[in-house]
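Here are the chains, one letter per residue:
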Amino acid sequence: MIEFLEYHLPVLLIVIPMIAAPLAVLIGNRRVVQLLSLAVCWTTFGLALWMVAIVNSSGPVSYELGGWAPPYGIEYRVDQLNSFIIMFVSGLGAIVLTYSPHSLNAEIPQSQHYLFYPMYLLCMTGLMGICVTGDLFNVFVFLEISSLSTYALISLGKTRRAPLAAFQYLIMGTIGATFLLIGIGLLYQLTGTLNMADIALQLENQRQINDGQWTGSRTLLVAFAFLTVGLCIKMAVFPLHTWLPNSYAYAPSVVTAFVAATATKVSVYAFIRVVFGIFTPRFAFELLPLDTALWSFSLIGIFMASIAAIFQQDVKRRLAYSSIAQVGYMLLGISMANIDGLSAGIVHMFNHALIKGGLFMVVGCFVLRLGSVHLDDWKGAGRTMPWTSLAWVLGGLGLIGVPVTCGFISKWLLLTAALDNDLYPVAILMLISSLLAVIYVWQVVEVLYFAQPSEKAKKATEAPLLMLVTTYVVVGANIVFGVWTTYSAGLAAKAAKALLEGGSL
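Residues numbered from 1 in each chain as written. Predicted model: local features only at pLDDT ≥ 70, side-chain atom pairs only at ≥ 80, totals over all residues. Heavy atoms only, no water.

A.B. asks: Can you explain the overall build of the chain? Please cite residues and give values.
C.D. replies: A tally of helices and strands in the chain yields 23 helices and 4 strands. Along the first, second and third principal axes, the C-alpha set of the chain runs to 70 × 55 × 40 Å. Relative to all contacts within the chain whose residues are 6 or more apart in sequence, the contacts with residues 24 or more apart total 79%. In the structure as shown, the chain presents an accessible area of about 18700 Å², 66% of it carried by carbon and sulfur atoms. Positive and negative charge centroids in the chain, built from 25 and 23 side chains respectively, lie 14 Å apart. (Helix = DSSP H or I, 4+ residues; strand = E, 2+ residues; numbered from the N terminus. Contact = heavy atoms within 4.5 Å. Areas by Shrake-Rupley, 256 points an atom, 1.4 Å probe, with all protein chains shown as cover. Lys, Arg positive; Asp, Glu negative; His and termini not counted. Charge placed at Lys NZ, Arg CZ, Asp CG, Glu CD.)

A.B. asks: Can you tell me about the side chain of Lys411, naming the residues and giving the values?
C.D. replies: With respect to the helices, strands and loops of the structure, Lys411 is situated in helix α19 (residues 406–420). Those residues within four positions of Lys411 in sequence are excluded, and the remaining contacts are Tyr329, Leu399, Ile400, Gly401, Met430 and Ser434.

A.B. asks: Go over empty space enclosed by the protein, please, and point to the residues and values.
C.D. replies: Tallied over the full model, the rule gives 4 cavities of 30 Å³ or more. Of the volumes computed, that of the largest cavity is approximately 90 Å³. Along the walls of the largest cavity sit Cys123, Leu127, Leu143, Ser146, Ser147, Thr150, Tyr169, Lys234, Trp243, Ala263 and Ser267, which together make up its complete lining. Of the pockets and cavities examined, the second largest cavity occupies roughly 50 Å³. Per element, the largest residue contribution to the lining of the second largest cavity is 4 residues, and it comes from helix α7 (residues 136–155). Residues of the lining of the second largest cavity, tallied by class, amount to 9 nonpolar, no polar and no charged. (1 Å grid on protein atoms, 1.4 Å probe; cavity = no way out; pocket = protein on both sides within 12 Å on 5 of 7 lines; lining within 4 Å. Points joined across faces, edges and corners; volume = space filled by probe spheres on them. Nonpolar A, V, L, I, M, F, W, Y, C, P; charged D, E, K, R; others polar.)

A.B. asks: Provide a residue-level description of the nonpolar core, including the pertinent values.
C.D. replies: Grouped together as the largest cluster of nonpolar side chains are 179 residues, with contacts concentrated most on Phe116, Ile272, Phe279, Ile334 and Trp392. Among the elements that make up this core, the one with the highest residue count is helix α12 (residues 253–279) (19 residues). When residues no more than four places from it in sequence are discounted, the contact partners of Trp392 are Val315, Leu319, Leu359, Val362, Val363, Val441, Val444, Val445 and Leu448. By size, the runner-up hydrophobic cluster in this structure holds 13 residues, among which are Leu299, Ala417, Ala418 and Ala427. (Core = buried A, V, L, I, M, F, W, Y, C linked by side-chain atoms within 4.5 Å. Buried < 20%, exposed > 50% of the residue type's maximum accessible area, 1.4 Å probe, protein only.)

A.B. asks: So what about the packing of aromatic side chains? Which residues, and what values?
C.D. replies: Overall, the coordinates contain 23 aromatic pairs when judged by the stated rule. The interplanar angle of 75° and the centroid separation of 4.8 Å between the aromatic rings of Phe224 and Phe279 together place this pair among those described as edge-to-face. With Phe224 in helix α10 (residues 218–235) and Phe279 in helix α12, this pair connects stretches of sequence that are 55 residues apart. Between Phe481 and Trp484, the ring centres sit 5.6 Å apart and the planes meet at 35°, which makes this aromatic pair tilted. The exposure class assigned to Phe481 is buried, which follows from its relative accessible area of 15%. (Phe/Tyr/Trp six-rings, centres within 6.5 Å; stacked < 30°, edge-to-face > 60°.)

A.B. asks: Pulling in residues and values, what's your account of unusual backbone geometry?
C.D. replies: For residues other than glycine, phi is negative in most cases, and the peptide bonds are mostly trans. Each neighbour pair has its own omega, and for Phe238 with Pro239 the value is 5°, a cis peptide bond. Even without a glycine there, the phi angle at Ala236 is positive, about 65°. When you line up the elements, Ala236 lands in the loop between α10 and α11 (244–250). Not every positive phi belongs to a glycine, and Thr280 is a case in point at roughly 75°. You can see Thr280 is positioned in the loop between α12 and α13 (281–287).

A.B. asks: With reference to specific residues and values, describe helix α3 (residues 30–58).
C.D. replies: Here α3 is 29 residues long and its end C-alpha atoms lie 42 Å apart, about the 42 Å a rise of 1.5 Å per residue gives. Residue Asn29 occupies the N-cap position of α3, its side-chain oxygen lying 3.1 Å from the main-chain nitrogen of Arg31. Where α3 ends, the next residue or the one after it, Gly59, has phi of about 95°, a positive value. (Expected span 1.5 Å × (residues − 1). Polar contact = N/O pair within 3.5 Å; in protein donor to acceptor, adjacent residues only side chain to side chain.)

A.B. asks: Go over a nonpolar patch on the surface with me, naming the residues and quoting the values.
C.D. replies: Taken together, the side chains of Leu164, Phe167, Leu170, Ile171 and Ile175 present a nonpolar region at the surface, about 420 Å² in accessible area. Within the secondary structure layout, Phe167 lies in helix α8 (residues 161–191). (Patch = residues over 30% accessible without salt bridge, like charges linked within 9 Å, V, L, I, M, F, W, Y side chains within 5 Å. Salt bridge = Lys/Arg side-chain N within 4 Å of Asp/Glu carboxyl O.)

A.B. asks: Hey, could you go over the pattern of salt bridges for me, with residue numbers and the actual values?
C.D. replies: Within the structure shown, the criterion is met by 5 salt bridges. The partner of Lys234 in a salt bridge is Glu144, with the nearest N and O atoms 3.3 Å apart. A residue pair is termed long-range when its members are at least 10 positions apart, and Lys234 in helix α10 and Glu144 in helix α7 qualify at 90 residues. The pair formed by Lys234 and Glu144 is uniform in burial state, with each residue classed as buried. Residue Lys379 pairs with Asp376 through a salt bridge whose shortest N-O separation is 3.8 Å. A relative accessible area of 31% means that Lys379 is categorised as partly exposed.

A.B. asks: So what's going on with the environment of Gly395? Which residues, and what values?
C.D. replies: Within the secondary structure, Gly395 sits in helix α18 (residues 386–400). Relative accessible area serves as the criterion here: at 3%, Gly395 is assigned to the buried category. Setting aside its immediate chain neighbours within four residues, Gly395 contacts Ile355, Leu359, Val475 and Asn478.

A.B. asks: Give me the lowdown on the packing of helix α2 (residues 9–27) against α3, citing residues and values where you can.
C.D. replies: Axis angle and axis distance: for two packed helices, these are the angle between their axes and the distance between the axes, and together they describe the pair. The interhelical angle for the contact between α2 and α3, taken along N-to-C directions, is 175°, at an axis separation of 10 Å. Between α2 and α3, the interaxial angle falls into the category roughly antiparallel. Contacts from Leu9, Pro10, Leu12, Leu13, Ile16, Pro17, Ala20, Leu23, Ala24 and Ile27 in α2 reach Val32, Val33, Leu36, Val40, Thr43, Thr44, Leu47, Ala48, Trp50, Met51 and Ile54 in α3. Looking at the contact of α2 with α3 residue by residue, the class counts come to 19 nonpolar, 2 polar and no charged. (Axes fitted to C-alpha atoms, helices over the stretch in contact; angles between N-to-C directions. Parallel < 35°, antiparallel > 145°, perpendicular 65-115°, else oblique.)

A.B. asks: Explain the state of the cysteines to me, and be specific about the residues and the numbers.
C.D. replies: Taken as a whole and assessed by the stated rule, the structure comprises 0 disulfides. Here Cys232 is not cross-linked by a disulfide; its sulfur's nearest cysteine counterpart is in Cys131, at 18 Å. On the accessibility criterion, Cys232 (10% relative accessible area) is buried. Considering cysteine sulfurs only, Cys406 is the nearest to Cys365, which forms no disulfide, with 19 Å between them. (Disulfide = S-S within 2.5 Å.)

A.B. asks: Outline the packing of α10 against α12, listing residues and values.
C.D. replies: Where α10 contacts α12, the axes come no closer than 8 Å and their chain directions differ by 165°. In this view, α10 runs roughly antiparallel relative to α12, as classed from their interaxial angle. In this structure, the crossing between α10 and α12 has a hand that is left-handed. Taken together, the residues of α12 that come into contact with α10 (itself represented by Leu220, Ala223, Phe224, Leu227, Thr228, Leu231, Lys234 and Met235) are Thr264, Ser267, Val268, Ala270, Phe271, Val274, Val275 and Phe279. Its residues placed into classes, the contact of α10 with α12 shows 12 nonpolar, 3 polar and 1 charged. (Left-handed = near helix turned anticlockwise from the far one by under 90°.)

Spelled out as structure tokens, the structure:
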């Protein structure tokens, strides 16, 4: 039995939540569906940990669907990079769902809970599928599964703005998906295959360079452009970020915590896989000026989004703009196209998932007790909700990048990579941008601890124990991985080295 499960692990990571989603609709009973969803999410996380152990001990795992060998059949392939991603995506998915009952009861009518759980499981299915599949068209399919379920989850918000935010996200997401599909179609036209490893092999014959000038197929350039823009929309890269602030602000707090911690990170993973695994760094960064474009838009996005965050009175919107800035840090590392920079970008995906997931869980605690995300209503809440407020402080320190937090590790790796590459202006701008994070995090701390309590804060009580414990698990991990960097930074370095040396892990 154990051997059977081990052999089928890659597909079980996807099949289990996918089957549970429609089953949850058929069951209908809210309590039973809740227990089923929790069991599925924690089981998926357990399987992901098992998958990580296998990959670390035996190397990459390939799974042939239906017994058809790739490239003729669909292949699922798990290596060090995507095993790392599925581990924290499934882990955060399980923790946030465990955290959710009190928040769901307060923000989503019980009559709509039967929609929440299936959509949550489908979103998990799509995110896991993006990471596991080795087929480029499957990446598109799973990306749309996760996106469509996210639209539905966002629309469950308690204000009338939530469906509008979901619709705006749908419009932008559809544009991004269209760009992706066109890019995939052009690559299929060129290579006759959808297997990502086989596409990379076939494209070796398409890359024709004479005296540093491109003389190969223009279709390849167009395909690369479409895929890059499509994924940038999904990642919420400035200035293609317009869908994100409203989506995070008006979605239920549980949805915001889950999506903010996972969705953009998985899109960044897909971008890394396409650029480094299919097109290769030489094509993207030497022949084409992708590095210049990425670090330019990254720095602009970091500053513009951080400045916008400072002026937001809605704490969810404040954190949403912060997320746009943090995606900029990830792409900044990727744009350096070397082991140090790429390692920093990969490890920041993990670190930011912990930081931002924890902070949005803190917001959910405040929303439950204060009924508001507006800073004026949070005044003095540090006195009536001390543990929740302390969790904000700890998460905020990670977001700033204070030593002993995982945020510091990310920014230190990025800073040293920039200095090693003689990108001194970039390093200076990174340091300045961290000061902006100090401002928008401190403004909330000041309101919590130093302002006269609002009427809502005076009546507030501490968040329920279940919400606090799960929140502190995530916030505490921010400290743990700020001290113990062997796993996160070490694995990121191995993955970066493999990607740069051949696009395969």
